[in-house]
Amino acid sequence: MASQDLTASIRRRGLMLVLSSPSGAGKSTIARNLLKSDPSLELSVSVTTRPRRGSEIDGVHYHFLSQREFERSRETDGLLEWAEVHGNYYGTPREPAEAAMAAGRDMLFDIDWQGAVQLDEKMGTDIVSIFILPPSMGELKARLMRRAEDSLESIERRLYNAKLELEHWREYDYVVVNDDLDRAFSAVKAIVAAERLRRDRRPGLFDFVSGLLDEKV
Ligand code: 5GP
């Protein structure tokens, strides 16, 4: 008989896990593996004005919006944060994120540093931010070329922007170098496991410890 996971059953607040990196550093693969290995983690699906890539599904990878739809969402306070990245607009829909937090569920945000700063200002202690670094700029370029889903012009722009993005590494709680995908993934999983155990994130501990103290042995 499977035993109940007592640690997981102690009530805690939801975690807002922010993953950022320059395009091509492997963040999306790490995010995908994390979601697959951890069913209690939910992805925040962003809205964007960027054209859909061939492999992407509307509503799964992004909600693809026109410029006008994006502006409407922003102006009606529908976005928790938004930013212009590589010449396109991206934003985090407010409603699903607030619902997850209210219910104590964990959510993963694949957003850039501008979004991370805005979420940090609004959500404070519920945020855990991780910055993924590429092992070298040469490898970053090679990964962008291998992906071959963006135009050459877009790859050049992403490389240029990568350096601007890298300058923000100090603003994150954790920094992981992705020289080996399995190793980087393990490091991210360890961070999530430790952050879930933080005392100040677990109001349910009060009752649990009170129960221990009341127990007659
Ligand atoms: P891509 O076009 O490669 O999917 O994403 C480009 C960059 O935009 C990535 O760094 C990604 O993390 C970031 N991004 C995606 N969604 C959002 C969002 O909702 N807000 C912000 N600020 N950045 C986002």
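So, how was this worked out
- Residues numbered from 1 in each chain as written.
- Predicted model: local features only at pLDDT ≥ 70, side-chain atom pairs only at ≥ 80, totals over all residues.
- Heavy atoms only, no water.
- Helix = DSSP H or I, 4+ residues; strand = E, 2+ residues; numbered from the N terminus.
- Buried < 20%, exposed > 50% of the residue type's maximum accessible area, 1.4 Å probe, protein only.
- Contact = heavy atoms within 4.5 Å.
- Areas by Shrake-Rupley, 256 points an atom, 1.4 Å probe, with all protein chains shown as cover.
- Lys, Arg positive; Asp, Glu negative; His and termini not counted.
- Charge placed at Lys NZ, Arg CZ, Asp CG, Glu CD.
- Near = heavy atom within 4 Å.
- Polar contact = N/O pair within 3.5 Å; in protein donor to acceptor, adjacent residues only side chain to side chain.
- Nonpolar A, V, L, I, M, F, W, Y, C, P; charged D, E, K, R; others polar.

Draft legend 1. Layout of the overall build of the protein. Looking only at helices and strands, the protein has nine helices and nine strands in total. Reported as C-alpha extents along the three principal axes, the dimensions of the protein are approximately 70 × 40 × 35 Å. Counting over 217 residues, the protein shows a buried share of 42%. For the protein, contacts bridging at least 24 residues in sequence account for 69% of all contacts bridging at least 6. Accessible surface for the protein amounts to roughly 12300 Å². Of this, 53% is attributable to carbon and sulfur atoms. Taking the average place of the 31 positive charges on the side chains of the protein and the average place of its 36 negative ones, the gap between the two points comes to 2 Å.

Draft legend 2. Expanded view of the environment of Leu-197. With respect to the secondary-structure elements, Leu-197 resides in the loop between helix H8 (181-196) and helix H9 (205-214). Between the C-alpha atom of Leu-197 and that of Thr-49, which follows or precedes it by 148 residues, the distance is 37 Å. Dropping the residues within four chain positions of it, Leu-197 is found in contact with Thr-7 and Arg-202.

Draft legend 3. Examining the site of the ligand more closely. As a matter of local geometry, the ligand sits amid 18 residues, with Ser-46, Arg-50, Tyr-62, Glu-81 and Tyr-90 nearest to it. Between the ligand and Ser-46, the relevant distance is 2.7 Å, taken from an oxygen atom to a side-chain nitrogen or oxygen of the residue. Measuring from a nitrogen atom of the ligand, one finds a side-chain N or O atom of Asp-112 at 2.8 Å. Contact with the protein chains covers 95% of the free accessible surface of the ligand, which is 520 Å². Residue classes in the shell around the ligand are distributed as five nonpolar, six polar and seven charged.

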